[in-house]
Amino acid sequence: MTQDELKQAVARAALRYVPNDAIIGVGTGSTVNFFIDALAAVKDRVRATVSSSERSTERLKEYGIPVLDLNAVASIPVYVDGADEIDPSGAMIKGGGGALTREKIIAEVAGQFVCIVDASKLVPVLGKFPLPVEVVPMARELVLRRLRALGGQPKLRAGYVTDNGNVIVDVNGLSITDPRQLESTINQIPGVVTVGLFAHRGANIALVGTATGVEERAFP
C-alpha cells in the first residue's frame, strides 16, 4: 500500500469513533484531510465540528459540514488528528503543519483523542522529527537562546506565520526521553505560546496504518 492508501485506511477507521449527533474536534494535516473526506460521506451523522486550523475549516465548509467556535461548545466527545511522531506511551510531536496551539486547545477539551497515523510515525523515542514551538514574534531571539541552552538546535521556520499571528521555531537535535518534563520546561519560557509536545495530554487511541491493515493501540 502507498502512504496515501495507509492514511485513507486509518481515516476511514476513525469514523468508528464518531458518535451520532455529536460535535467533534477535527485536526490538521494530510491524514486529517482524508478523514474530512471520509466524514463528508456520513456528514448527516455529525451535528457540527470544531476545527484546529483555517485550512481544515475551509475543507469542512466546502463539504457543507458546520464548523463552530470552540467558545460556543461545552464539550467534545472525540478529537481526531494526526501526529508527526508518537511514542509507546501515546506522547506525540505535533505541529509540522503549524496548527499546534489550536490543536492542543481542542485536545484539552476533548473526552477522547484519536490519533490517526501511518506506521512511519511510530518511534521508540521522540525527537527525530524537529520539535515545533509557537513563539510570540518579539520573543524570538530569547526563545532561540533558551532552546539552545536545553541542547536543541532551533531554527526559525522561514516565511511562516501561524493562524494566531505568531512564528514557529523548529528544534532539531533533541532526544526526548521525558516528554512530559520537557513540555513543561519549554512552555515556561517567556514568549512561548506552546510547544508541539503532546505528553500531558497525549493520545487515548492510535489507529496505525500498516501493510497488513489498521492496528488499534490504546494508551492508559
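Residues numbered from 1 in each chain as written. Predicted model: local features only at pLDDT ≥ 70, side-chain atom pairs only at ≥ 80, totals over all residues. Heavy atoms only, no water.

1. With respect to the overall build of the chain
The following threshold applies: Only DSSP runs of H or I covering at least 4 residues are called helices, and only runs of E covering at least 2 are called strands; the numbering of each starts at the N terminus. We take the radius of gyration over the C-alpha atoms and set the globule estimate at 2.2 Å times the residue count to the 0.38 power. Residue burial is assigned from relative accessible area. The probe radius is 1.4 Å, only protein chains are included, and a residue is buried under 20% of its type maximum, exposed over 50%, and partly exposed in between. For this analysis, residues touch if any pair of their heavy atoms sits within 4.5 Å. The accessible surface values rely on the Shrake-Rupley method and a 1.4 Å probe; as for residues, cover is taken only from the protein chains in view. Here Asp and Glu are counted as negative and Lys and Arg as positive; His is not counted, and neither are the chain ends. Charge positions come from single atoms, namely NZ of Lys, CZ of Arg, CG of Asp or CD of Glu.
Regarding its fold elements, the chain presents six helices and 13 strands. For the chain, the C-alpha radius of gyration of 17 Å lies close to 17 Å, the compact-globule estimate for 220 residues. Based on the C-alpha atoms only, the size of the chain along its principal axes is roughly 50 × 40 × 30 Å. By the burial criterion, 53% of the 220 residues in the chain qualify as buried. Long-range pairs, those at least 24 residues apart, make up 72% of the contacts in the chain between residues at least 6 apart in sequence. In the structure as shown, the chain presents an accessible area of about 9900 Å², 51% of it carried by carbon and sulfur atoms. The averaged location of the 24 negative side-chain charges in the chain is 3 Å from the averaged location of its 23 positive side-chain charges.

2. A look at the pairing of strand β12 (residues 205-210)
Convention followed: Strand pairing is assigned whenever DSSP detects at least two bridges linking the two strands.
Most of β12 is tucked away, with six of its six residues classed as buried. Going residue by residue along β12, you find Ile-205, Leu-207 and Gly-209 tucked away on one face and Ala-206, Val-208 and Thr-210 tucked away on the opposite face as well. As paired strands, strand β6 (residues 110-118) and β12 are joined by five bridges and run parallel to one another. Paired with Val-117 across the strands is Val-208, a residue of β12. Relative to strand β13 (residues 213-218), β12 runs antiparallel, the two being bridged by six bridges. Bridge pairing in β13 links Val-208 to Glu-215.

3. Things to note about the nonpolar core
As a rule of thumb, soluble globular proteins bury nonpolar side chains together. Filter applied, for reference: In this description, a nonpolar core means a group of buried Ala, Val, Leu, Ile, Met, Phe, Trp, Tyr and Cys residues linked to one another through side-chain atoms lying within 4.5 Å.
Among the nonpolar cores identified, the biggest contains 26 residues, and Ile-24, Phe-35, Leu-39, Val-114, Ile-116 and Leu-207 are the most heavily contacted of them. Those elements that place two or more of their residues in this core are α1 (3-14), β1 (22-26), α2 (30-40), β3 (76-81), β6 and β12. Per-element tally for this core: the top contributor is α2, with seven residues.

4. Description of the pattern of salt bridges
This is how the line gets drawn: Salt-bridge detection follows one rule: a side-chain nitrogen of Lys or Arg within 4 Å of a carboxyl oxygen of Asp or Glu.
Counting across every chain of the model gives ten salt bridges. Arg-102 is the salt-bridge partner of Glu-54, the closest N and O atoms lying 3.1 Å from each other. One end of the pair, Glu-54, is in helix α3 (residues 54-62); the other, Arg-102, is in helix α4 (residues 100-109), with 48 residues separating them in the sequence. Assessed through its relative accessible area of 45%, Glu-54 is described here as partly exposed. Under the relative-accessibility criterion, Arg-102 is labelled partly exposed at 25%. A salt bridge links Glu-183 to Lys-104, with the nearest nitrogen and oxygen atoms 2.9 Å apart.

5. Observations regarding unusual backbone geometry
Within the chain, Asp-21 stands out as a residue other than glycine whose phi angle is a positive 55°. Here Asp-21 lies in the loop between α1 and β1.

6. As for the packing of aromatic side chains
The line we're drawing: Aromatic pairing here means that ring centres of Phe, Tyr or Trp (its six-membered ring) are within 6.5 Å. Orientation follows from the plane angle: under 30 degrees is stacked, over 60 is edge-to-face, and everything else is tilted. A ring is scored as having a charge over it whenever the NZ atom of a lysine or the CZ atom of an arginine sits within 6 Å of its centre and within 35 degrees of its normal.
Counted under the stated rule, the structure contains one aromatic pair. When the ring of Tyr-79 is compared with that of Phe-113, the centres are 5.0 Å apart and the planes differ by 70°; the resulting orientation is edge-to-face. Taken together, the residues span a long stretch of sequence, with Tyr-79 in strand β3 and Phe-113 in strand β6 at a distance of 34 residues. Each member of the pair Tyr-79 and Phe-113 is classed as buried. Lys-94 extends its terminal NZ or CZ atom over the ring of Phe-198, reaching a point 5.5 Å from the ring centre. The ring of Phe-198 has Lys-104 sitting right over it, with the charged end atom 5.0 Å from the ring centre.

7. Considering the environment of Glu-85
Operational definition: In the analysis that follows, any N or O atom pair within 3.5 Å is treated as a polar contact, provided that within protein one partner can donate a hydrogen and the other can accept it, and provided that, for residues neighboring in sequence, both atoms belong to side chains.
When you line up the elements, Glu-85 lands in strand β4 (residues 85-86). A relative accessible area of 4% places Glu-85 in the buried class. A C-alpha to C-alpha distance of 14 Å links Glu-85 and Ser-30, two positions 55 residues apart in sequence. Apart from the residues within four sequence positions on either side, Glu-85 is in contact with Ala-91, Met-92, Ile-93, Lys-121, Val-123, Val-125, Leu-126, Gly-127, Lys-128 and Phe-129. A distance of 2.9 Å separates a polar side-chain atom of Glu-85 from the backbone nitrogen of Gly-127.

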